Amino acid sequence: MFDTLTERLTQSLRNVTGSGQLTEDNIKVSTQNRNLHISLNKPEGGYRLQMFNIIGENVFANLLNDGENNLDVSSLPSGVYVVRVADAHTSFSKKIILQ
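The structure presented is a predicted model; accordingly, all values stated were derived computationally and were not measured.

Section: the overall build of the chain
Step number 1: A tally of regular secondary structure across the chain gives one helix and seven strands.
Step number 2: When the helices and strands of the chain are read in sequence order from the N terminus, they spell out α-β-β-β-β-β-β-β.
Step number 3: Considering the chain as a whole, with its 99 residues, one finds that 32% of them fall into the buried category.
Step number 4: Accessible area for the chain stands at about 6,600 Å²; split by element, carbon and sulfur atoms hold 51% of it.

Quick word on the pairing of strand S7 (residues 91-98)
Step number 1: In terms of strand pairing, strand S6 (residues 79-86) meets S7 through eight bridges, oriented antiparallel. The partner of Val-85 across the bridge, within S7, is Phe-92.
Step number 2: Linking two consecutive strands that pair antiparallel, namely S6 and S7, is a turn of four residues.

Regarding unusual backbone geometry
Step number 1: If you check the backbone angles, Asn-33 has positive phi at about 50° while not being a glycine.
Step number 2: By the secondary structure assignment, Asn-33 is in the loop between strand S1 (27-32) and strand S2 (35-40).
Step number 3: Judged by its relative accessible area of 66%, Asn-33 is exposed.
Step number 4: Phi is positive for Arg-34, close to 65°, though the residue is something other than glycine.
Step number 5: Tracing the sequence through the fold places Arg-34 in the loop between S1 and S2.

Some thoughts on the side chain of Asp-87
Step number 1: Within the secondary structure, Asp-87 sits in the loop between S6 and S7.
Step number 2: At a separation of 2.8 Å, a polar atom in the side chain of Asp-87 contacts the main-chain amide nitrogen of His-89.
Step number 3: A distance of 2.8 Å separates the side chain of Asp-87 from the backbone nitrogen of Thr-90, its partner in a polar contact.

Quick notes on the environment of Ile-38
Step number 1: With respect to the secondary-structure elements, Ile-38 resides in strand S2.
Step number 2: Residue classification places Ile-38 among the buried positions, given a relative accessible area of 0%.
Step number 3: In the structure, Ile-38 is positioned 29 residues away from Gly-67 in sequence and 8.1 Å away in space, judged by C-alpha atoms.
Step number 4: Among residues more than four places away in sequence, those in contact with Ile-38 are Ile-27, Lys-28, Val-29, Leu-49, Leu-64, Gly-67, Glu-68, Asn-69, Val-83 and Val-85.

Describing the sheet that holds S1
Step number 1: Spatially, three strands are ordered S1-S2-S5 in an open sheet, and the strand pairing comes out antiparallel. With partners counted over all chains shown, the strands left at the sheet margins are S1 and strand S5 (67-72), one partner each. Taken over all neighbouring pairs, the strand axes of this sheet differ in orientation by 15° on average, direction set aside.
Step number 2: Bridge analysis of S1 against S2 gives six bridges, and the strand direction is antiparallel. What sits directly across from Lys-28, in S2, is Ser-39.

Here is what the cut-offs are and how they apply
- Residues numbered from 1 in each chain as written.
- Predicted model: local features only at pLDDT ≥ 70, side-chain atom pairs only at ≥ 80, totals over all residues.
- Heavy atoms only, no water.
- Helix = DSSP H or I, 4+ residues; strand = E, 2+ residues; numbered from the N terminus.
- Buried < 20%, exposed > 50% of the residue type's maximum accessible area, 1.4 Å probe, protein only.
- Areas by Shrake-Rupley, 256 points an atom, 1.4 Å probe, with all protein chains shown as cover.
- Pairing = 2+ DSSP bridges.
- Polar contact = N/O pair within 3.5 Å; in protein donor to acceptor, adjacent residues only side chain to side chain.
- Contact = heavy atoms within 4.5 Å.
- Axes fitted to C-alpha atoms, helices over the stretch in contact; angles between N-to-C directions.

As structure tokens, then:
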């Protein structure tokens, strides 16, 4: 029982201290051939992707899985976008350029 209580306290502390945040250490975002490639190394799941154009309009949204995600964004015009990946507790944003 002590191990279970210790595990619960440890998980609660992680949630409070933010060690479960999305960071450059556990998420990689890149583009290639008009595809958006997102690699997530966080097994919790429940990730939501949003892409915003330069004037802040949400132009693309999708749900993501842990691991490799390849998304076809060829319908979007060339330009600068902000990719935002979020779960229920934290988010990560990165600027990308589609050519």
